[in-house]
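Breakdown of the fold
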Amino acid sequence: MKFAILSFPGSNCEMDLYYAIKDIIKEDAELVSYKKDSLDGFDAVLVPGGFSYGDYLRSGAIARFSPIIKPLQKFAESGKPVLGICNGFQILTEAGLLPGSLQKNVSAKFICEPEKLVVNNNKTMFSNGYDFEQKITLPIAHGDGNYYADVKTLRELEENNQIVFKYWNNPNGSVANIAGIINKKGNVLGMMPHPERAVEDILGSSDGKGIFYSIVKTIKDRGVIYE
Amino acid sequence: MTLVKVYVNYKKSILNPEAQAIHSALNRLGYSNISDVKLGKYFEITVDDDSKDIDSEINEICDKLLANVNMESYRYEIVEGANA
Amino acid sequence: MTLVKVYVNYKKSILNPEAQAIHSALNRLGYSNISDVKLGKYFEITVDDDSKDIDSEINEICDKLLANVNMESYRYEIVEGANA
Amino acid sequence: MSNQQQATPEQIRDQKVYRGMGLTDYEYGLIKDNVLHRLPNYTEIGLYSGMWSEHCSYKNSKPVLKKFYTKGKRVVKGPGEGAGIIDIGDGQGVVFKAESHNHPSAVEPFQGATTGVGGILRDIFSMGARPIASLDSLRFGNVKNDADKYFISQIVAGISSYGNCIGVPTVGGDTAFDDAYQNNPLVNVMCVGLMNIDNMEVGAAAGAGNAIIYVGADTGRDGINGASFASAEFDSEHESQRSAVQVGDPFNEKLVMEGCLDVIDNHKDALVGIQDMGAAGLVSSSAEMGSKAGGNGMKLNLDLVPQREKGMSAFELMLSESQERMLLCVKAGKEDEVLKVFADHGVNAVVIGRVTDGSDYVLEHHGKVVANVPVDSLSADAPVYHRESKEPARIDQESPEQFDPEVSVPTETLRKMLSQPTIASKENIFKTYDTQVQTNTVVGPGSDAAVVRILHKNKAIAITTDVNGRYLYLNPRVGGQMAVAEAGRNVVASGAFPLGITDCLNFGNPEKPDQFYELDQAVMGMSEACEKLESPVISGNVSLNNEFDDVAIYPSPMVGMVGLIDDLKKVTTQDLKQANDLVYVLGKTGDDFNGSEIQRMQTGKVSGQLFNFDLDYEVKIQKLVQKAINDGLLNSAHDVSEGGLIVSIAESTFGNQLGVNLVSDLTAKQFFAETQSRFVVSVSEENREQFETLVGGDASLLGRVTNDNHLFVQTADSYFDMAVDEAYQTWKGALPCVLK
Ligand SMILES: Nc1ncnc2c1ncn2[C@@H]1O[C@H](COP(=O)(O)OP(=O)(O)O)[C@@H](O)[C@H]1O
Ligand SMILES: [Mg+2]
């Protein structure tokens, strides 16, 4: 199967994802420029971390007007998996593919550290490789990771079981300790922690592999690629 | 040339960590009579005169880009013929 | 209660990358008639009435904390008895 | 300056206008009588003021820098280019250099720090290398007042904002606090890049007719004449210099970097040379490229320079230090190919001039020639001064007797020591840095050296920055040796052998003989250690005039060392690994307290003659550790530095929260001695014999690792006894607490 890894001006985790998929997960991957107008031929899309357009104005605010966003929306509507990590999550919320938004951390500082997470829903195509309530450790590295949604949205997220990952010790002030959420349909996941930084023991943790394996398994089990 | 001043602010219910940090810094510095600090963005946009419907253009720009309507509200003033 | 509105802007010769990025994003989005974008900060500060000399207090706060006088200038308005 | 009416050549001479730009009467005379044989105009005098500043010309330090040991079989490129290069095999080289941004950071700490990071990154990618890691070496006042805290929070925030955004991990650094830096904080940033040696680029512009291409941000009135400003002393009235503030734009730099690396990787045939625009902006980059090529001149049309502001003068355009700009020399006929690459990356690029026959450096503005000077006169032929050197009186008068610390309750002294800002955990700082982007960080901040793996190869590099200015203050020569030796210990403790060093020479005013002495002696000391450790100097940077109200900082030559780990199995950290392992100290401990942290903690200053240091013994101990790691004998290794042996032992317990139960014939006081050439290592039982045979009498067995979470050390006269968790919390909480 083939992953598309989007690349915006200012993205800086796209190569990390590329190597994680190619070298560790051993699937095919291709970088796709923000200028492109098609995602045909891909089975899953990864929206990487970084500082698209410098994160000026608001994180992800400018990137979401890129040409690639329309095909991304179409891709998401078709039910195929879209995973936004860190800045990718911020872009997905700005583009309206996920509810809520990401504010400055309560400390008003950038935080980079390993974070213990709880798998709050293991029935998604991104988390089926984990046990329910399994604890995993993934690094975070962000200044704007404080997830906010209004009360109504939050209730919906909870009712529909859309909160996939929660922080064990909330590092940034996110409501309901949210580290990652999925859309209602269940095929678009946004998360602040970086699974691609946790795919090799030598770099500190392999707990992130489960996310990519879950995607691969889902697609392979499906057996068909529908357009 | 038209100058438009746009103010973008967090909605009431939303905590703004930056404003909070400034508020407590001020209190720590001894300014105990300061009971609230709000922090927003302030844009000065120069629009060339050929623009037809400046109100709808500014509203569009704000809705799309300058404000995140999830969390923020905006208002603006048009300063006709002004010079930035 | 006194409401003070403070506007902080970059000084003239200082580069503002953020405003630049917003400006070019707007032009890319097709708003070609926008010829300049400036971005600054906008504070609403509520001061309790017991304050003696509000002007000197606000100037002090701006110089010390709200504005970086190396790069930014500020102005403010006092909205007596107002409500934020 | 920018608002000033431009003085006529006669006014410049009569009113000595050049003095305000940092040129002396002697230098003006040289320009007028020896170089131009006429009166220089305002633009020309501006060019010389920038180019003949210490920052660009190294006029005071050049004779000293010649004393550096720079040879080595792996050295591909030594000092002289943007950065040096060392061969690490497989056709790859590591490129590294450090840069100081002390003066800009003293004026505007946030932006001073961001533009420091931006500048060093450009030095690295202009060599054709992709930056893979940064480190920051910081010196602040002793966190006594709000000013100290302001500097710390703003400088750290600046480094974090730039490095994180551009996607280069900040993997390490060092931070120390001392009143000597109170008004003159030091901000040194080191960057390491990785390249295919075939892609090596040089900053030269040769071949008449070839194009000079300007790349990156528009030029504004920022930092006009910052180079001569950076080379000037500060006093309490430096407020007036505030016009020099430059703002960093890491997003733009990222685009510029990707564009440049694309040209270097994929359009090699088109490219003649490439250089960043750093200090003294356009004039420095273009004149250096012209001068380096040799045998050519250059002609630039300033009307073509992208400008952010209206009405900029030639002087301002040439001396502006607007950030995120590069200068390329591109073969005639290939301009469009290169311009297209930048356009694809969203980067502004324009042809602004040509390489010419002859040797004149000519600038045109508004249709007129505004400057015409010999190109070499700006760069290669800048004056060089041999300054007078005199040992400061304080060194001679100091007593040779060692300080005698007061350690009546060792555990209490340890607790206090762990909470000194210089000793305490720096996590509060490095937690705000992205340490992992690019996913090669094997060991991030928190152990001795940082370890960054070379992707797809079974090897890694170890990187560290170090210097203890207190030692240099007491003895610049020996302190200089110690700075290099400490860097070596950190690299070696991580499983590497040294490849080479870069440096930032942070000193006072070279025109004062006693301060020049410090510079000169320190460089000699560093050089001696470099030779012994086979770790040549391949690049560096000089920051002089670090004075405030006439008082200089401690002499502080920051050493940035890179080592090679030739097998990932050898990567070693300072953390104890498992209970029952044997704990040893390698090296001898003496009563060495002058210049130590405990002396400062107990007396508020450092004094006396610096304790002895034996470079040969240092080399011997470092080789032993290398051999022990090569043979797979060590489970952990940690060098002993500030705070002494007990601090090293405590730090070794923190990572995995293991305890130790140790017995030593040293006194409790000696556990705080800062004798050099020591390591704390742990060895598993099965390797005991082999290890002890290897190290012979150079190691003493102290005891064992335990899992009772207790730090217990029986000394000859007393004992240390503290829960590891408590020691850890004290150490970890100290900095956040004082920074509140
Ligand atoms: N300013 C900084 N930025 C990043 N890392 C830092 C900084 N200061 C200290 N560190 C990290 O903290 C650890 C301890 O630093 P230090 O006490 O200088 O170590 P050592 O004495 O072994 O040289 C190191 O891993 C170092 O990289
Ligand atoms: Mg060390």
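What comes next is a walk through the structure.

Cut-off values and rules
- Residues numbered from 1 in each chain as written.
- Chains lettered and ligands numbered in written order.
- Predicted model: local features only at pLDDT ≥ 70, side-chain atom pairs only at ≥ 80, totals over all residues.
- Heavy atoms only, no water.
- Least-squares fit on C-alpha atoms with pLDDT ≥ 70 in both.
- Buried < 20%, exposed > 50% of the residue type's maximum accessible area, 1.4 Å probe, protein only.
- Helix = DSSP H or I, 4+ residues; strand = E, 2+ residues; numbered from the N terminus.
- Arc of directions from axis to C-beta.
- Contact = heavy atoms within 4.5 Å.
- Pairing = 2+ DSSP bridges.
- Axes fitted to C-alpha atoms, helices over the stretch in contact; angles between N-to-C directions.
- Near = heavy atom within 4 Å.
- Polar contact = N/O pair within 3.5 Å; in protein donor to acceptor, adjacent residues only side chain to side chain.
- Areas by Shrake-Rupley, 256 points an atom, 1.4 Å probe, with all protein chains shown as cover.
- Nonpolar A, V, L, I, M, F, W, Y, C, P; charged D, E, K, R; others polar.
- Donors = N, O, S within 2.8 Å, 3.2 Å for Na, K, Ca; no water.
- Parallel < 35°, antiparallel > 145°, perpendicular 65-115°, else oblique.
- Salt bridge = Lys/Arg side-chain N within 4 Å of Asp/Glu carboxyl O.
- Buried area = accessible area lost by both parts, 1.4 Å probe.

1. Quick look at the relation of the copies chain C and chain B
The transform that puts chain C on chain B rotates by 179° and translates by 0.0 Å along the axis, for an RMSD of 0.3 Å. Both copies of the chain, as the preceding transformation shows, are related through a two-fold rotation axis. It is C:Lys41 whose C-alpha, among those of chain C, lies nearest the rotation axis, at 2.4 Å.

2. So, helix 16 (residues 410-418) of chain D
Residues and elements named next belong to chain D. Every buried residue of helix 16 is listed here: Pro 410, Thr 411, Thr 413, Leu 414, Met 417 and Leu 418. Projected down its long axis, helix 16 carries its buried residues within an arc of 160°, all on one side. Those residues of helix 16 hidden inside the fold are in contact with helix 21 (597-603), helix 23 (645-654), strand 28 (719-723) and helix 25 (724-739).

3. Focus: the sheet that holds strand 27 (residues 710-714) of chain D
Residues and elements named next belong to chain D. Strand order across the open sheet formed by 7 strands is 23-25-22-26-24-27-28, with mixed pairing between neighbours. The open sheet is flanked by strand 23 (636-639) and strand 28, the only strands paired with a single partner. Neighbour to neighbour, the strand axes of the sheet diverge by 20° on average, direction disregarded. The pairing of strand 23 with strand 25 (residues 679-683) spans 4 bridges and is classified as antiparallel. Directly across from His 638, in strand 25, lies its bridge partner Val 680.

4. Overview of the site of ligand 1
Residues and elements named next belong to chain D. Taken together, 19 residues lie near ligand 1, and Asp 136, Thr 175, Gly 446, Ser 447 and Asp 466 sit nearest. Asp 136 places a side-chain nitrogen or oxygen 2.5 Å from a nitrogen atom of ligand 1. Contact between ligand 1 and Gly 173: an oxygen atom at 3.1 Å from a main-chain N or O atom of the residue. When the free accessible area of ligand 1 is taken as 550 Å², the share hidden by the protein chains comes to 89%. Secondary structure elements with two or more residues in the shell around ligand 1: strand 4 (130-140), strand 5 (170-177), helix 17 (427-430) and helix 19 (476-493). In terms of residues, the shell around ligand 1 owes the most to one element, strand 5, which gives 4 residues. Of the residues assigned to the shell around ligand 1, the class counts are 5 nonpolar, 7 polar and 7 charged.

5. What to know about the coordination of the magnesium ion (ligand 2)
All names here are of chain D. Surrounding the magnesium ion (ligand 2) are the protein donor atoms Asp 448 (OD), Asn 490 (OD1) and Asp 639 (OD), which sit 2.1 to 2.2 Å from the metal. All donors to the magnesium ion (ligand 2) come from one chain, and their sequence spacing reads D-x41-N-x148-D. Note that Asn 490 is positioned in helix 19 and Asp 639 in strand 23, a separation of 149 residues in sequence. Across this residue pair, the class does not change: Asn 490 and Asp 639 are buried.

6. Describing the packing of helix 1 (residues 14-25) of chain A against helix 5 (residues 209-222) of chain A
Residue and element names in this part refer to chain A. It is the contact of helix 1 with helix 5, at a shortest axis distance of 11 Å, that shows an interaxial angle of 70°. Considering the angle they form, helix 1 stands roughly perpendicular to helix 5. Residues Leu 17, Ile 21, Ile 24 and Ile 25 of helix 1 touch helix 5, and the partners they reach there are Lys 209, Phe 212, Tyr 213 and Val 216. Here the residues of the contact of helix 1 with helix 5 are counted per class, giving 7 nonpolar, no polar and 1 charged.

7. A short note on the pattern of salt bridges
All names here are of chain D. On inspection of all chains with the given rule, the structure shows 58 salt bridges over all chains. Residue Arg 688 is joined to Glu 692 by a salt bridge in which the shortest nitrogen-to-oxygen separation is 3.4 Å. Placement of both Arg 688 and Glu 692 in helix 24 (residues 688-695) is noted, with a separation of 4 residues, approximately one turn of the helix. For Arg 688, a relative accessible area of 26% translates into the label partly exposed.

8. Some remarks on the interface of chain C and chain D
Taken together, the 9 residues of chain C in the interface contact 12 residues of chain D. Taking both sides of the interface into account, the surface hidden between chain C and chain D amounts to around 1000 Å²; carbon and sulfur atoms contribute 52%. It is C:Ser13, C:Leu15 and C:Asn70 that lose the most area in chain C upon contact with chain D, and together they represent 53% of the buried surface on that side. Counting the contacts that link chain C with chain D gives 0 salt bridges. Linking chain C with chain D are 5 residue pairs in polar contact (both at pLDDT 80 or more), by the criterion used here. When the residues that make up the side of chain C that touches chain D are grouped by side-chain class, the tally is 5 nonpolar, 4 polar and no charged.

9. Description of the pairing of strand 25 of chain D
Residue and element names in this part refer to chain D. Within strand 25, 5 of the 5 residues are buried, which leaves the element mostly enclosed by the surrounding structure. Burial along strand 25 is two-sided: Phe 679, Val 681 and Val 683 and Val 680 and Ser 682, pointing in opposite directions, are all buried. As paired elements, strand 22 (residues 582-586) and strand 25 share 5 bridges and run antiparallel to each other. The partner of Val 585 across the bridge, within strand 25, is Val 680.

10. Section: the interface of chain C and chain B
Opposite the 34 residues of chain C that make contact, chain B presents 35 residues. Buried surface at the junction of chain C and chain B, both sides included, amounts to about 3000 Å², of which 56% is carbon and sulfur. If you sort the residues of chain C by the area they bury against chain B, C:Tyr31, C:Asn33 and C:Tyr42 come out on top, with a joint share of 21%. Across the chain C-chain B interface, the total number found is 0 salt bridges.

11. Overview of the sheet that holds strand 11 (residues 349-356) of chain D
Adjacent strands of a sheet pair through backbone hydrogen bonds, lying either parallel or antiparallel. Residue and element names in this part refer to chain D. Read across the open sheet, the 7 strands follow the order 8-10-7-11-9-12-13; overall the sheet is mixed. In this open sheet, the two edge strands, each paired with only one partner strand, are strand 8 (271-276) and strand 13 (368-374). Each adjacent strand pair in this sheet contributes to an overall mean axis angle of 20°, direction not counted. Packing of helix 3 (residues 42-51) onto the sheet brings it into contact with strand 12 (360-365) and strand 13, and relative to strand 13 it is tilted by some 40°. Its contacts with the sheet place helix 13 (residues 335-344) against strand 7 (211-216), strand 10 (325-330) and strand 11, and it is angled at close to 150° to strand 11.

12. A look at the arrangement of the chains
Of all 5 pairs of chains in contact, the one with the most contacts involves chains B and C. Chain D makes no contact with chain B, the minimum C-alpha separation between the two being 10 Å.

13. Observations concerning the environment of A:Ser107
Residues and elements named next belong to chain A. Inspection of the secondary structure puts Ser 107 in the loop between strand 5 (101-103) and strand 6 (111-119). Its relative accessible area of 41% is what places Ser 107 among the partly exposed residues. A sequence separation of 36 residues divides Ser 107 from Gly 143, and the C-alpha atoms of the two residues are 9.0 Å apart.

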